[in-house]
Protein chains: 2
Amino acid sequence: MPRQITAFSNTLVKRVRSLRDKKHRRREGLFIAEGLRILTEAREAGFLPEMLFFATGTRHALLDTLIGEIEAAGGDVIETSADILHKMSGKDNPQTVLGVYPALDTSLARLDRSAAGLWIVAQSLRDPGNLGTILRTGDATGAGGLILIDDCVDPFSVEAVRASMGALFTQRIATAPWADFLSWLRGGPGELIGTSLKAREDYQAPRYAPPAFLLVGNEAQGLPSAYEAECDRLVKIPMLGKADSLNAAVATAVIAYEIVNQWRRAA
Amino acid sequence: MPRQITAFSNTLVKRVRSLRDKKHRRREGLFIAEGLRILTEAREAGFLPEMLFFATGTRHALLDTLIGEIEAAGGDVIETSADILHKMSGKDNPQTVLGVYPALDTSLARLDRSAAGLWIVAQSLRDPGNLGTILRTGDATGAGGLILIDDCVDPFSVEAVRASMGALFTQRIATAPWADFLSWLRGGPGELIGTSLKAREDYQAPRYAPPAFLLVGNEAQGLPSAYEAECDRLVKIPMLGKADSLNAAVATAVIAYEIVNQWRRAA
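Reading the values: rules and limits
- Residues numbered from 1 in each chain as written.
- Chains lettered and ligands numbered in written order.
- Predicted model: local features only at pLDDT ≥ 70, side-chain atom pairs only at ≥ 80, totals over all residues.
- Heavy atoms only, no water.
- Pairing = 2+ DSSP bridges.
- Helix = DSSP H or I, 4+ residues; strand = E, 2+ residues; numbered from the N terminus.
- Contact = heavy atoms within 4.5 Å.
- Axes fitted to C-alpha atoms, helices over the stretch in contact; angles between N-to-C directions.
- Domains from an automatic or database assignment.
- Buried area = accessible area lost by both parts, 1.4 Å probe.
- Salt bridge = Lys/Arg side-chain N within 4 Å of Asp/Glu carboxyl O.
- Polar contact = N/O pair within 3.5 Å; in protein donor to acceptor, adjacent residues only side chain to side chain.
- Expected span 1.5 Å × (residues − 1).
- Buried < 20%, exposed > 50% of the residue type's maximum accessible area, 1.4 Å probe, protein only.

## Side note on the sheet that holds strand 4 (residues 76-80) of chain B
All names here are of chain B.
Now for step 1: The 5 strands are arranged 1-4-3-5-2 in an open sheet whose pairing can be described as mixed. Each having just a single partner strand, strand 1 (3-4) and strand 2 (30-34) make up the two edges of the open sheet.
Now for step 2: Of the strands in this sheet, strand 1, strand 2, strand 3 (51-55), strand 4 and strand 5 (97-102) touch helix 1 (residues 11-18), which is tilted by about 105° from strand 3.
Now for step 3: Docked against the sheet, helix 3 (residues 36-44) engages strand 2, strand 3 and strand 5, running at close to 35° with respect to strand 5.

Here is the structure:
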């Protein structure tokens, strides 16, 4: 049976609320995901929250399924008010369901590159919305996951989880410094495809082969030259107007779809 | 010669700050754009601000050019502090240059469809970041502009202008209710291409012809069925994972690049 929390000052409410900060996520080894849709995606991918909060009055068959599985797994199910959920999530239009999940393993060593033909690699990505959007694109293009290089924004931030629309749970996520990534990459098959404004090759020119590692750089700076130099291929998306670049998540998607479209045609 | 403002309480500072609200933008017929890069894009596209604010100590040849042209046009150039610029823009890392522009004409009647092969049409788009990103994609794909249908977020919001990276000034922007848009569209040549999860046709299957009007729906709901029924074509992007949709700006870009890639190959 769900227990109830009705006070803003409750210790657990404060603890969950603190998970909006990276420091606390790290310390507690927990992160937040919101919304029945995302929590259901997570459940279908094999992830159950340690704690589930739902607003009094929320009724949905998917919520019943979720509650049943969480209770069977020994998790904590808590009924509370919409106001308290708002306080925990900090969102203007809070979802009526919120889950607290154990941190995912993001070690590169555990990534199995043979699990997918396409992998997305992002370097010093700063915007959580872009990160989540790239995860969502990774899912849609059948990528295996997202490898985060250097000082990227935390993929477990509330904003990134939201923007991923559940793809955080269907995509493998790894984090690594550049040197460690390169060493891992070169320990097996795979082509590193960098996107660069300086590239001469149009992104539609190459015939891409799996496993393809699509590398995108920081939103403002793009890839460092030294990183570009390590790429097996540098490609550019044609810019037909005045602008010299696309949004990072958009550029990632345009090239990722080109890669998988080639494979769809060949299949 | 630039004049100086040094007090937070200055009437002009408060007036500019108020332009972060749509209500005040409407009333004043003004909007804000920030950053030397975006202001330079605007200048190159023929748009000068009525007022330019810059932080004391900012030095750049492009700023000198901007100041010269604004003063020649009778505009107001104001030197101030980084703190006051922060107060006006509300951004954590404020740009050191801020322009206040007269509102742009967004009437559909003035749009010349023959000016470009591709036009993007967005319906009830709610996220200013998505709107700005779509403008940036429109510029990159050589689109003529963005037509905003029904109750979209304000394209002149600070967030949308920022995300557009200057494309707000290179793309034509029109706003119209659906019925007015349809009537205008059918008064000339052009194919209306809707993106829909329910579509049967893969987005790579058709041969697109200019002028192409690419219609994307609201982030959460997609297009209303009645709007889909008016489309000449409904296409879908293949979803190869668990997710059933892409971010709206990403989906727009993937299809827009398919359209212009077909035209690049034919050229």
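Next comes the rest of the description.
## Some remarks on the domain arrangement of chain A
Residue and element names in this part refer to chain A.
Now for step 1: For chain A, the assigned domains read domain 1 (3-102) and domain 2 (108-266).
Now for step 2: Centre-to-centre, using C-alpha coordinates, domain 1 lies 30 Å away from domain 2.
Now for step 3: Surface buried jointly by domain 1 and domain 2 totals about 1,300 Å² across both partners, of which 67% is contributed by carbon and sulfur atoms.
Now for step 4: Of all residues in domain 1, the largest losses of buried area upon contact with domain 2 belong to Arg 25, Phe 31 and Ile 38, amounting jointly to 37% of the total for that side.
Now for step 5: With a closest N to O distance of 3.1 Å, Arg 162 and Glu 34 form a salt bridge.
Now for step 6: Inspection of the domain 1/domain 2 interface yields 3 residue pairs in polar contact (both at pLDDT 80 or more).
Now for step 7: Those elements that provide at least two residues to the side of domain 1 that touches domain 2 are helix 2 (22-28), strand 2 (30-34) and helix 3 (36-44).

## Things to note about the interface of chain B and chain A
Now for step 1: Contact with chain B, which involves 33 residues of that partner, is made by 33 residues of chain A.
Now for step 2: The junction of chain B with chain A conceals about 2,800 Å² of combined surface from both sides, 51% of it contributed by carbon and sulfur atoms.
Now for step 3: Area buried by chain B at its contact with chain A is led by Arg 136, Tyr 257 and Arg 264 of chain B, which between them contribute 21% of it.
Now for step 4: At the junction of chain B and chain A, the tally comes to 4 salt bridges.
Now for step 5: The salt bridge involving Arg 264 of chain B is made with Asp 202 of chain A; its shortest N-O contact spans 2.4 Å.
Now for step 6: Breaking the side of chain B that touches chain A down by element, the ones donating at least two residues are helix 3, helix 6 (128-140) and helix 11 (248-266) of chain B.

## A short note on helix 6 (residues 128-140) of chain A
Residue and element names in this part refer to chain A.
Now for step 1: Under the 1.5 Å per step criterion, the end-to-end length of helix 6 is 18 Å for 13 residues, consistent within 8% with the ideal 18 Å.
Now for step 2: Of all 13 residues making up helix 6, 12 are buried, and the element is well covered by its neighbours.
Now for step 3: The set of residues buried in helix 6 consists of Pro 128, Asn 130, Leu 131, Gly 132, Thr 133, Ile 134, Leu 135, Arg 136, Thr 137, Gly 138, Asp 139 and Ala 140.
Now for step 4: Between a side-chain oxygen at the N-terminus of helix 6 and the backbone nitrogen of Gly 129 the separation is 2.9 Å; the capping residue is Asp 127.
Now for step 5: Immediately beyond the C-terminal end of helix 6, within one or two residues, lies Gly 142, with a positive phi of roughly 70°.

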